[in-house]
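# Reading the structure
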Amino acid sequence: MAKITASVYTSHVPAIGAALDLGKTHEPYWKPVFEGYEYGKQWMKDNKPDVIFLVFNDHATAFSLDMIPTFAIGTAAEYQPADEGWGPRPVPVVKGHPELASHIAQSVIQQDFDLTIVNKMDVDHGLTVPLSLMCGQQDPLKGAWPCPVIPFAVNVVQYPVPSGQRCFNLGQAIRKAVESYDEDLNVHIWGTGGMSHQLQGARAGLINRTWDNQWLDMMINDPVACAQVPHIDYVREAGSEGIELVMWLIARGAMSDVSGGKVTGKVPKLAKRFYHVPASNTAVGHAILECQ
Ligand code: DHB
Ligand code: FE
């Protein structure tokens, strides 16, 4: 049987991708950001998954405002890095896992979550920056990401966006789906985006360290309470783009301590926690949880 053994959480700032691609990681501004991921990069080598289920948001790159799926699962064999205006990032193509992705789609839709099936999609910084942070730079042609990736896109760009509670419930359905796949696969689930940031309007540049760290505490230790945080709190406290954090609750809901909407098992082991400001306009948060 396939199994979700761990979850990874990380912000996805585009300027981090540019710093990596332009060789700026040792500059004083960026050094502390990348140091925060040294543990995670080694952890990825020591705990290599067979598949990564990567929850991210598209930023009007693959989906324009013409069509906005709330939840979209990638069932393709591969995904090209997107051109977001400066040419595609020089990173390897992302290989998918069509068999497991199709199985998860079937199971999750039967559990009453309506997913959009995506057979062709370019992936933007929301997906490639977390991969680069956790796996390091790879040669775009000769290199490869360590394993297949199932992209799972969540609409957090255009309201109405899904609630934290719905994301948390969806994570539980994804865990059930993975556990009913008839092949021994070690699956990691990643929740990406966040933490506090606002890119527009009068409060552009907003960062809220206190709220971010309290939210992280709750996400890790009391996910049931965290799932109940309403949209307005994210927007008020963490800025308009802070709403990206609801995606972390999909990964948290897929951990083995959660079942039937409650914490019934052993809280996962916190292998890493990191928080840093500044990085472009965003507070960078990162955590790794291992199922016990
Ligand atoms: C920034 C952060 C984001 O999440 C994003 O999608 C675009 C830009 C930033 O901090 O600049
Ligand atoms: Fe973003």
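Here we summarise the structure given alongside this text. (Residues numbered from 1 in each chain as written. Chains lettered and ligands numbered in written order. Predicted model: local features only at pLDDT ≥ 70, side-chain atom pairs only at ≥ 80, totals over all residues. Heavy atoms only, no water.)

### Focus on the sheet that holds strand β8 (residues 186–192)
- Pairing within the open sheet is mixed, and its eight strands lie in the order β6-β3-β7-β2-β8-β1-β12-β11. Edge positions in the open sheet fall to β6 (116–118) and β11 (269–279), since each of these has one partner strand only. This sheet shows a mean twist of 20° between the axes of neighbouring strands, independent of strand direction.
- Looking at chain direction, strand β2 (residues 51–56) and strand β7 (residues 149–154) are connected through five bridges and run parallel. Bridge assignment links Val-55 to a residue of β7, and that residue is Phe-152.
- Across the face of the sheet, helix α3 (residues 38–46) comes into contact with β1 (3–10), β2, β8, β11 and β12 (282–290) while running at roughly 35° to β12.
- Helix-sheet contacts for helix α6 (residues 164–179) involve β1, β2, β3 (71–74), β7 and β8, and the interaxial angle to β1 is about 145°. (Pairing = 2+ DSSP bridges. Helix = DSSP H or I, 4+ residues; strand = E, 2+ residues; numbered from the N terminus. Axes fitted to C-alpha atoms, helices over the stretch in contact; angles between N-to-C directions. Contact = heavy atoms within 4.5 Å.)

### Here we look at the coordination of the iron ion (ligand 2)
- All of the protein donors around the iron ion (ligand 2) are His-12 (NE2), His-59 (NE2) and Glu-244 (OE); their distances to the metal are 2.1 to 2.2 Å.
- For the iron ion (ligand 2), the single-chain donor residues occur in sequence as H-x46-H-x184-E. Residue His-12 is located in the loop between β1 and α1 (14–21), and its partner His-59 is located in the loop between β2 and β3; the two are separated by 47 residues in the primary sequence.
- Here His-59 falls in the partly exposed class, since its relative accessible area comes to 25%. (Donors = N, O, S within 2.8 Å, 3.2 Å for Na, K, Ca; no water. Buried < 20%, exposed > 50% of the residue type's maximum accessible area, 1.4 Å probe, protein only.)

### Here's the deal with the environment of Gly-164
- Along the chain, Gly-164 turns up in helix α6.
- The exposure class of Gly-164 is buried, given its relative accessible area of 1%.
- For Gly-164 and Leu-245, which are 81 residues apart along the polypeptide, the C-alpha to C-alpha distance reads 8.4 Å.
- When residues no more than four places from it in sequence are discounted, the contact partners of Gly-164 are Ala-227, Val-246 and Leu-249.

### A look at the packing of aromatic side chains
- For the coordinates displayed, the defined rule picks out 10 aromatic pairs.
- Between Tyr-37 and Phe-274 the ring centres are 5.9 Å apart and the planes differ by 75°, which places this aromatic pair in the edge-to-face class. Here Tyr-37, found in the loop between α2 (31–35) and α3, pairs with Phe-274, found in strand β11; they are 237 residues apart in sequence, far enough to count as distant.
- We classify Tyr-37 as buried; its relative accessible area is 1%.
- Taken together through their ring pairs, the aromatic side chains of Tyr-9, Trp-211, Trp-215, Tyr-234 and Trp-248 make up a single cluster. (Phe/Tyr/Trp six-rings, centres within 6.5 Å; stacked < 30°, edge-to-face > 60°.)

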